[in-house]
Amino acid sequence: MTVCNVEMPSYTYAVKAEKLLRARGYPCEIKRIDRPGSSTCGFMLSIRGHCREAIGILKNYSVPFTQIIGEEFDNAGKLR
């Protein structure tokens, strides 16, 4: 099962993203980032399985995120 971590710009957006994805059957949870960068609030959304589709939903609903970390994505958060 693939797992991707999506760094969020605020805790509020992390909660919004979690509710949106869970309502559509995507298992996910909010996690604290140990050493947050300057472009993140210190929280990320960890999504288990179907990361591409989940990211597409976030984009379609205009939920902002700062970075995607996962095996399907490169360092810039683009699909490989």
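Coordinates for the structure precede this section.
Thresholds applied
- Residues numbered from 1 in each chain as written.
- Predicted model: local features only at pLDDT ≥ 70, side-chain atom pairs only at ≥ 80, totals over all residues.
- Heavy atoms only, no water.
- Salt bridge = Lys/Arg side-chain N within 4 Å of Asp/Glu carboxyl O.
- Helix = DSSP H or I, 4+ residues; strand = E, 2+ residues; numbered from the N terminus.
- Buried < 20%, exposed > 50% of the residue type's maximum accessible area, 1.4 Å probe, protein only.

K.L.:
Please clarify how the pattern of salt bridges should be interpreted in this entry.
P.N.:
Opposite charge on two side chains permits pairing when their charged atoms draw close. Inspection of the entire model under this criterion finds 3 salt bridges. When the shortest N-O distance is used, the salt bridge between Glu29 and Arg48 registers 3.6 Å. With a gap of 19 residues between them, Glu29 in strand E2 (residues 28-32) and Arg48 in strand E3 (residues 43-48) connect regions that are remote in the sequence. For Glu29, a relative accessible area of 32% corresponds to the partly exposed category. You can call Arg48 partly exposed: its relative accessible area is 30%.

K.L.:
What exactly am I supposed to notice about unusual backbone geometry here?
P.N.:
Note: most residues except glycine have negative phi, and most peptide bonds are trans. The phi torsion at His50 lies on the positive side, around 50°, for a residue other than glycine. For His50, a relative accessible area of 55% corresponds to the exposed category. Positive phi is not limited to glycine here, since Ser62 has a value of about 55°. With respect to the helices and strands, the residue Ser62 is situated in the loop between helix H2 (51-60) and strand E4 (67-70).

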